[in-house]
Each structure stands twice: as C-alpha cells, then as structure tokens.
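Below, each chain spelled out in residue letters.
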Amino acid sequence: DQQVKQNSPSLSVQEGRISILNCDYTNSMFDYFLWYKKYPAEGPTFLISISSIKDKNEDGRFTVFLNKSAKHLSLHIVPSQPGDSAVYFCAASAGGNQFYFGTGTSLTVIP
Amino acid sequence: EAGVAQSPRYKIIEKRQSVAFWCNPISGHATLYWYQQILGQGPKLLIQFQNNGVVDDSQLPKDRFSAERLKGVDSTLKIQPAKLEDSAVYLCASSLEAGGYEQYFGPGTRLTVT
C-alpha cells in the first residue's frame, strides 16, 4: 500500500526556470513532510521539511507547499540550476515515527 | 563532521547465501535506521534502533533478516538465506534522536542476488 505517491517519474526543466515536483499522500494522520535529494551512488540528502501546521516553508531557492485538504505537497525550485539534477523523494510521517517515502521524481535541468 | 559510513558498497551473492552489511552512524546520533530501496521505489524502513533497543521492526522479514546494534553505535544487517527479491540498495541512516526528523543517510550497499 503506497501511502506516499509521486506520480511523475521524471521532469525536465530549462536552467533558470521553475521546477515543480509533486507528491500526494493518503494517510490523513501524516503531520510532517520532508523532501530529500539523491545523486547517483549516494544516499539521500535532506533538503527541506514542513509541518502540518504550516502551508509553506521556504529555504533559499527551495519552497515546499502543503495543501492538507487535498493531501498534496509540492516542491518549487526557483531558479533551477544544472546542479539540481537529481532524484527527489518526498517522505511523510505521523508523529515522528516511521517515514514513508514516495517513489521519486528524476529532475533534469537542461543548461 | 564525518557522515554515515557503510560497507561494503557493492555485493554480489548467489541465492541462498548469506550476507552482512555494516553501518557506522554519525557520532552522537542515538537513532539508527536500515532501509531497503528496490529499483524504482522509494526507501522502505526495515528496522529502527534507539540506542541499543529496537523501536520498530514491523517491516523486517524476520525469517531471513536480522539486525543488531551493539553498544548503541555500529550496526549490522544480515540476510540469511538471500532470495532474488532481496536485490536492492540497503541504506543506513541516523538521526540525533527518535522523532528527530532530519535523517542523515549513508551511501548505501548495492546487493545483487543471482
């Protein structure tokens, strides 16, 4: 049972443009969400997080939006850079316990 | 600050053989996690330790998988006997505390079972 879904396996964006990565979840008990970035042959690296009491969190070029009613979150990268090319995973947890990961979206930023 | 270390990085074994993976978390991190990531999927938690104790092992196939964390530091994950479907990347992660949301991942061990 996939509780966290990333329906777009891949995304290509021109350098300088906005990248929008989407994530949907089914469990209404999830109250904490994270985005991880993964380069080939490396482990995932924490990128940004958001608590369910917020609907937006921003860190530099990265912004995460949470729509609790739609059970949807998105990661915006503005402006996109070639170094952002990686696989992005969203993850969710209920009460800080087990994290459930999505299947990932492979982002390619074209110079 | 040294990151999470894992070894080996790659391992190829035949089905029914056994294999062990090692993880050294970030110094001072109380919580350690083992994840299995099958190709095309996201990481799936196998087991979570808080210091020496097991917090969650509900998704660990206990008939063939075992894990231990001696002295609350290093951890080993063992598979015996391996099956073809165990082919995956095994990721170790650590966090400062349980519910400490930022988990730091190691590079993973890629296991191929033939």
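Look up: the structure comes first, before these words.
Let me sum up the structure you'll find in this document. (Residues numbered from 1 in each chain as written. Chains lettered and ligands numbered in written order. Predicted model: local features only at pLDDT ≥ 70, side-chain atom pairs only at ≥ 80, totals over all residues. Heavy atoms only, no water.)

A few points about the pattern of salt bridges
So, step 1. If you walk through the whole model with that rule in mind, you get four salt bridges over all chains.
So, step 2. Several salt bridges converge on common partners, so that one network encompasses Lys37(A), Arg61(A) and Asp84(A). (Salt bridge = Lys/Arg side-chain N within 4 Å of Asp/Glu carboxyl O.)

Here we look at the state of the cysteines
So, step 1. A complete count under the given rule lists two disulfides over all chains for this structure.
So, step 2. Between Cys23(A) and Cys90(A) runs a disulfide, and the two sulfur atoms are separated by 1.9 Å. Linking Cys23(A) and Cys90(A), the disulfide has an S-S dihedral of approximately 65° and is accordingly described as right-handed. Here Cys23(A) is found in strand β3 (residues 19-25), whereas its partner Cys90(A) is found in strand β9 (residues 86-93), with 67 residues between them in sequence. A single burial state applies to Cys23(A) and to Cys90(A), both of which are buried.
So, step 3. One disulfide in the model links Cys23(B) with Cys92(B); its S-S distance is 1.9 Å. For the disulfide bridge between Cys23(B) and Cys92(B), the dihedral angle about the S-S bond is near -70°, and by the sign convention the bridge is left-handed. Separated by 69 residues along the polypeptide, Cys23(B) in strand β3 (residues 19-24) and Cys92(B) in strand β9 (residues 88-95) bring together distant segments of the chain. (Disulfide = S-S within 2.5 Å. Helix = DSSP H or I, 4+ residues; strand = E, 2+ residues; numbered from the N terminus. Buried < 20%, exposed > 50% of the residue type's maximum accessible area, 1.4 Å probe, protein only.)

Brief notes about the interface of chain A and chain B
So, step 1. Contacts between the two partners involve 18 residues from chain A, matched on the other side by 19 residues from chain B.
So, step 2. Regarding the contact of chain A and chain B, the summed buried area is about 1,500 Å², with carbon and sulfur atoms giving 58% of it.
So, step 3. Counting the contacts that link chain A with chain B gives zero salt bridges.
So, step 4. Our enumeration of links across chain A and chain B arrives at six residue pairs in polar contact (both at pLDDT 80 or more).
So, step 5. At the level of secondary structure, the elements contributing two or more residues to the side of chain A that touches chain B comprise β4 (32-38), β9 and β10 (99-101) of chain A.
So, step 6. The element contributing the most residues to the side of chain A that touches chain B is β4(A), with four residues.
So, step 7. Broken down by class, the residue content of the side of chain A that touches chain B amounts to nine nonpolar, seven polar and two charged. (Contact = heavy atoms within 4.5 Å. Buried area = accessible area lost by both parts, 1.4 Å probe. Polar contact = N/O pair within 3.5 Å; in protein donor to acceptor, adjacent residues only side chain to side chain. Nonpolar A, V, L, I, M, F, W, Y, C, P; charged D, E, K, R; others polar.)

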